[in-house]
Structures are given as structure tokens and as C-alpha cells.
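Observations on the three-dimensional arrangement
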2 protein chains.
Amino acid sequence: MSAEIICVGTELLLGDILNTNAQFLALELADLGIPHYYQTVVGDNPSRLKQVLAMACDRSAILIFTGGLGPTPDDLTTETIADFFGVPLIEQVDIIEDIARKFAQRGRQMTANNHKQALIPEGAKVLPNPKGTAPGIIWHPRPGLTILTFPGVPSEMQRMWRETAVPYLKGQGWGQQIIYSQTLRFWGIGESALAEKVASFFDLTNPTVAPYASQGEVRLRVSARAPSQGEAIQVIEPVVKQLRQIAGADYFGVDTDTLASVVGQLLTDANQTVSVAESCTGGGLGSMLTAVPGSSDYFLGGIISYSNDVKVSLLGVKSSDLDKWGAVSKPIAQQMALGVRSRLTTDWGVSITGIAGPGGGNESKPVGLVYIGLATPDDRVECFKYNFGRDRDRASVRHWSACYALDQLRRRLLEQYH
Amino acid sequence: MSAEIICVGTELLLGDILNTNAQFLALELADLGIPHYYQTVVGDNPSRLKQVLAMACDRSAILIFTGGLGPTPDDLTTETIADFFGVPLIEQVDIIEDIARKFAQRGRQMTANNHKQALIPEGAKVLPNPKGTAPGIIWHPRPGLTILTFPGVPSEMQRMWRETAVPYLKGQGWGQQIIYSQTLRFWGIGESALAEKVASFFDLTNPTVAPYASQGEVRLRVSARAPSQGEAIQVIEPVVKQLRQIAGADYFGVDTDTLASVVGQLLTDANQTVSVAESCTGGGLGSMLTAVPGSSDYFLGGIISYSNDVKVSLLGVKSSDLDKWGAVSKPIAQQMALGVRSRLTTDWGVSITGIAGPGGGNESKPVGLVYIGLATPDDRVECFKYNFGRDRDRASVRHWSACYALDQLRRRLLEQYH
């Protein structure tokens, strides 16, 4: 008994959108302990959708569809599924009323094409959509087979999943034996170096340990299968403890922790504050820090000193040093960090100045060269130099710069108090 | 003759990572005019991978694999494919030398598990990986069937695709009849409202017109099939012109245009500058503006005034008004915009103050309430109030706030000069 995810939409085949729905559903299925071995993407094409459907019915007991429930003519999922099982569509008056009410609330007029969204296969139940206009269905077209459909809009799909599909699946007996995972997160070590250090753990069977890497962050996923979350945690805990010990300060957090949330917790523990002075990241470091709810407790603000004039006027950077060393240099990074810490009266000041590219680089200061300044509570200032390489694009250089700035602050906070 | 994308990795089935590779390859196949009807995700499991392989060989002529080429024991793609076709793996000495060289350059030691990455099926060609250690293959295991493999790391895969796979596929005759698309982008109108306005265009066959929506942005993709890009553009142009006329100012750009890049172009045309004062977005607006290469020509910087003290000390917001109206209010948004424009001496000043949630809201000022201030070159200041709704999460409120701030600036710039 396994589930299968089928995402319908020519926009996915054309590459117009990223398939975030498959990832969300995959995580949710794992949490419920529902095995899931295949994901398929197919276009808004009835005959190919039917081929996929035929294959999926043979190998899986739960088929989860996303996409193709919208009001436009290329939205064909519901009618194609009904046609495959030879069942007629019935117009549901209460769905039309619900759609009309939603349009009225938003001060918009319901359009004729929305009527299509009220057609449901005979015998299927409506899977309500509280946020949007397209409802889904829960349907048993034949014994042992369950079909769930969701719109492609991620926020609508996710809420429908949580509010209706999860209780339904639990009612069917799923979620008894669960797969529970913790994802350990590392910064400042490469994937193969970490993998070599913890190689012996990859042979474990319960829990299992598997490495992943993306955008400079390396992760180890530790997964256990057990009747309850509590028992799974008992299986996982000793392994997690050993992995953390081996990795030392390169380990920064678990699951939904981010470098920013971990820094926030450390600042909160220390009752300290931080401000930022950003050049090449243009606000990205502040944005990461404030992505964390409650960050106003320790983040007071910052100065985006994109132009040299602003570096001088608002951060107190010396004009003569800008002329002498250039904006991307150790002295300027240091003066930016000290300047923002002093102007905003915070315990820590973090600065970033670098060459994000694609232009602006030269032989001595190539694209990817970044200086990070860190003004500390004891009035000292440190500087870290990175060369992220000419191969990295603008977005990567900016992302890595902000992450390394957070990571350096994190390491200093750890040293200070632990 | 069509291609098929097969992404291998239990991490995809577990939901650990987002499948960006499928989107990248989908866009590239469309550009080359190679039809592509299915994408499959399957785990690091030899028997299921072989099932997928068997099915894909029957219906597609080009199989593109990503993932499972790494150094760890769960990386099984190459050996499973070789085993499926009954061909032995051969160790390639030059690959080992290449890997060793790369490790040396990075000042790291090559690890024993990297040797696995040098095994290639007999008869296959190496698809070089200039960035990473895992090479792919180009292989014709039987007549009329081509297999290409890539590592799962997106930056490595993309470079290998562009540098080796694309020239190879063009050499095989692909890229003659192409699909060329333009994606028109809209802000400030809902998907169904726009769809209703342009409904008659959805029946066209060459070019085709299809609508998509995500995170507040609506897009229309206009695609033509033709022997050359020039001829495709001729097919597309009159349709694009009509769609733009119908949408008016809700249309903001095409293809890779972003609200920020369009604002940047308008500022450049007008020879004007902008600065930002950010509260709830914490730097996100500045980060969006500076994501555009060359933004230093018109973006001078900003002040992240997350705390009220910073609003007063660095932006000149009146303490008494903060007490009277609260930080999330029209007077404060206006003073922030005027303050940053004056402090940074720019033509425009844009401010954002709002309640991003999940905490901090109340009856009169709910989560999702956002004020955007716009200080104009003629010393006036405007204010726009939004209520993004309690249903939206912190990330969405912040994203929409920054986008609407850019959109208001864009509309004022358009009115000023066009």
C-alpha cells in the first residue's frame, strides 16, 4: 500500500514553475508513514494523463493529484479522471455559492469560467478549499483505490491537505507506524569531508543517516521508523548526539533552524543586540535576520550603504581610506561594522562588502571577493576574507556572503558563552 | 522522438530537497524544441529505477538522468543503468586524476569514496564536470536511445548541460524547429480577472497563450513553434502587443524582467535615484533592488529601521507621532519615506512598515496590515495601505510588501515619463 504523487500541468513541463508541491507532499507522506516511491509530472493532456493514471492505479493505492483544477480551459484533471473511470460530472450548487461568496468578499466579480470548478465526479466527496475557488475531491472510484485532488496553488493545496486530507488519511489508519526524521544542518564543511567523517553511520538501518548538500549548507537526515514520535526520537537521539560531537562547531542546527534563527537564539540567550551594514548584499542579511519571528528582540536595524557616499555619511567610513583601499577591502569592512554598531548602539555590528558580479571585478579584486566585518561587544573588530570564485553567479555570491556573515557571528557567540 | 527527465534520489521522495533540476531541464528542452511529456522522480533503489528505465525506454528516445552520481553508497544511478543494459563498468584513470586535481586546488584531500565516481559503463563517453567531482555520461546503449546523466547539484548539472549536452544535442539535429516563448508578467490583477479579459486568446494554436499565477504575480506564456527564433518572434509579436494593450499598467515586463529590474530601467531612463526605509521587510526591498546587476547606478542605499529608536534617530521620525499613531501607520510610513529620501539625497524614497506576523497583530492592526510610503522628486509624499490578510504567513506578507512597494514606484515612474 503506497501513495504516488501526480502533478499535472504543462507549465511544469515547460519549466514555467517549480514543483514545490511535490516536495511538500513528500514531507507530509513521510510524516504519516505512507510509503511513496514515484512522483510523476505530466502535461494538461487527457490521453497522457490517462496513461499515467492507468500505471499509477496498478502500483499504488493512493493517488494524489495537484494542478489542473483552475477555471481556464486547459484545466482538465477532474474531467479526465472522471472520464477514465467512466463516471459523469455533477455540478454542485453549494460550490458555486461558495465561489460567489469568495469573489464578493474580495470585491471582485465572479466570472463565468469559475462554474467549471463546481463539477465533481458522481460519488466523489468535495475536498473544501477555504482559501481559493477550486475545491478538490476525495474519491474511491474502485475498491482499494483512493484519489485525492488539489489545486496547483501551493498555499491552497497545503491548507486543504492539513485541514481535510490528513484527518481523512489518519481515519483510514495511516500515521500509526511513522517515519520520523531530524535533519542536522552544517555550515563551513563540504559534503564529502563530512561524509568521510561520519561514513560508518551510513550503514545504519534504523535510524538511517543520509547526507545532502545545497548552496553551501550540508545536511544529514537521520530517520527512524517507529510506532510513535516518542519512540522514534529515542532511536534517533544517541545517533544525533554522536554526529553533533563529531562535527563540532560546523553543526549549527536541526530541522527548521536557520543560521539566522540560531544566531537569534544565541543573541537572546546572551541578551545582546546586533545591527548590520550591507553593501553587496543590499539588505539580504537584514532580510535573513528578520525572517525569524520575534527578531525585533535583538535586531535593531541596519544601514544599506550601497554607494560610497552613504558609507561615509551614515557609517563614518573615512573617504581617504575608500580612496586608498577601495570599498571592497579589510579597512572598509571593519569601519562599516564599527560604524553601524556605534550608530545603532548595538552589542554586535556585522558588515559585508564585496563584488557580487557579474561586472565590477578585476585581477586583484575578482568577482566573488567578499570581506565580512564583525564589531564585537568589547569594542574590537574582526575581518574575514572570502573568495567565492568567479564561477558563482551574483545571487550565489550574495547568498553565501550573508550566510557566512551569520556563521561568523554564530561562532563568536558560541565561543563567548559556551 | 521525445525526451524524458528522470530525477533519482530518495532525498526527493522524502521531500528534503526541491526539484529545481526538472524545471531547468524543462526550460532547456523547450528551447531546443525537444518534446518532453513526462518527468519522473524515483528513489535510490535499483529495482524501481530499473522499472522506470524500462518504461521510459519504450516511450522516449532521450533519457536525461539527474542525481545519484555522488561519492556516497546511496549513489547508484550509473551502476544501475549499466546493469540494466548488461554492460560492465570501467574505471577511468583520467577521471580519478581530474578529481584529485580538484581536491588539491581547494586545499582538501581526495577521499577514498571519490574513486566510485570514476566508474563509467563500457562504451559510454564521459560528460565532463568542470565544477565538481562527479562526471556524467553520454551513452547509446542501443540504437535510437540516448542516455545522458548529470549530478544532482544544480550548478554543476547546469554547466555540464550548457557546455556539453546542448552542443551534442544540436549536433544530433535538435534545435532546428524550435519552441520560442515569451512570458508576459503582470502585477496588481488576479489570474481569473486577467484570464477573463484575454479569454479569446486561449483558443489560439500558434502562438499559444496560457496563464499562470504565483505569489501575487500573474503570467501569460505566449509560445510559438517555428524554424527559427526570428520567425517565432514574428508569430508572437502581434499577440504580445494586443495582450499588453488589454492589460495596461498591470503589465510590467517580459521573461526575466522583475519588478525590481523594470523599476531600475525606468529610474535609469529618468536619470533618477532611490533609497529605501524598511521596517517589517528588514532589508528585503533593498535586496530585491540590488539583485539587479548595475543597480548601483540608481540605488544609493537605505536604512533598516527595525526598532522605533532607529526610526527616530536615523530617519527623523517624530517620537510623538510614534506614540500617537504607532509604528504601523500612515504618518510613520510617510515620515520614513521622506526621511530616507532626505538623508540619502535621492529623488525617490520608498518606505515599508507593517505587521508581518505571526505575532504583533490586534483587532485594529491585524497581521498583514502594511503601509507603503513614497516620497517623490517634487517633495510630496504618498501612502498606500494594504491588508494582505491574516491567512498569509510572515514570508508572504514580507514578499508582497516589497513587491507592492516596487510596483507603486513603477506606476509613478510610468506616469511621470510616459
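Structural notes, computed from the coordinates. Along each chain, residue indices are assigned from 1 in the same order as the chain's sequence is written. Chains and ligands are labelled by the order in which they are written, letters from A for the one and numbers from 1 for the other. Note on the predicted model: pLDDT of at least 70 is required for a residue's local features to be given, and 80 or more for side-chain atom pairs to be given and counted; whole-chain, interface and lining totals, by contrast, use all residues. Just so you know, side-chain values use all the structure's heavy atoms and leave hydrogens and water out.

**Brief notes about the overall build of chain A**
Threshold: Segments assigned H or I by DSSP are reported as helices when at least four residues long, segments assigned E as strands when at least two residues long, and all are numbered from the N terminus. Relative accessibility thresholds used throughout: buried, under 20% of the residue-type maximum; exposed, over 50%; partly exposed, between the two (1.4 Å probe, protein chains only). Whether two residues touch is decided by their heavy atoms; if any such pair falls within 4.5 Å, the residues are in contact. Areas reported here follow the Shrake-Rupley algorithm with a probe of radius 1.4 Å; residue values treat only the protein chains shown as occluding.
Secondary structure summary: chain A contains 14 helices and 17 strands in total. With respect to the three principal axes, the spread of C-alpha positions in chain A is 80 × 55 × 40 Å. Every one of the 418 residues in chain A was classed for burial, and the buried ones make up 58%. A sequence separation of at least 24 residues applies to 67% of the contacts in chain A between residues at least 6 apart. As presented, chain A carries roughly 16,500 Å² of accessible surface, and 49% of it is formed by carbon and sulfur atoms.

**Here's the deal with the environment of Ile137 of chain B**
All names here are of chain B. Looking at the element boundaries, Ile137 is found in strand S7 (residues 136–142). Considered as a pair, Ile137 and Arg398 are 261 residues apart in the sequence and their alpha carbons are 43 Å apart. Each residue touching Ile137, except ones within four places of it in the same chain, is listed here: Ile120, Pro121, Ala124, Lys125, Leu127, Ile147, Leu148 and Thr149.

**Notes on the nonpolar core**
Convention followed: To form a nonpolar core, buried Ala, Val, Leu, Ile, Met, Phe, Trp, Tyr and Cys residues must be joined to one another through side-chain atoms within 4.5 Å.
Judged by nonpolar contacts, the single largest core of 74 residues is most densely connected at Leu285 of chain A together with Leu285 of chain B. Sequence-distant contacts of Leu285 of chain A, that is, excluding residues within four places in its chain, are made with Val276, Glu278, Val350, Ile352, Ala402, Ala405 and Leu406 of chain A. With 27 residues, the next largest nonpolar core counts Met160, Trp161, Ala165 and Trp174 of chain B among its residues.

**Re the sheet that holds strand S1 (residues 3–8) of chain A**
Defined as follows: In this analysis, strands are considered paired if DSSP registers two or more bridges between them. Axes here mean lines fitted to C-alpha atoms, for a helix over just the part in contact, with angles spanning 0 to 180 degrees between N-to-C directions.
Strand order in the open sheet formed by 12 strands is S6(A)-S7(A)-S8(A)-S3(A)-S1(A)-S2(A)-S2(B)-S1(B)-S3(B)-S8(B)-S7(B)-S6(B), and the pairing between neighbours is mixed. Each edge of the sheet is formed by a strand with only one pairing partner; in this case those strands are strand S6 (125–127) of chain A together with strand S6 (125–127) of chain B. Neighbour-to-neighbour, the strand axes of the sheet open up by a mean angle of 20°, direction not taken into account. Here 5 bridges tie strand S1 (residues 3–8) of chain B to strand S3 (residues 62–66) of chain B, and the two strands are oriented parallel to one another. Following the sheet pairing, Cys7 of chain B is matched in S3 of chain B by Thr66 of chain B.

**Some words on helix H2 (residues 20–32) of chain B**
Residues and elements named next belong to chain B. Filter applied, for reference: Working rule for helices: expected span equals 1.5 Å times residues minus one.
The end-to-end C-alpha distance of H2, which contains 13 residues, comes to 19 Å, matching closely the 18 Å that a straight helix rising 1.5 Å per residue would cover. Among the 13 residues of H2, 10 are classified as buried, and the element is accordingly described as predominantly covered. Restricting attention to buried positions, one finds in H2 the residues Asn21, Ala22, Gln23, Phe24, Leu25, Ala26, Glu28, Leu29, Ala30 and Leu32. At the exit of H2 stands Gly33, carrying a positive phi of roughly 75°.

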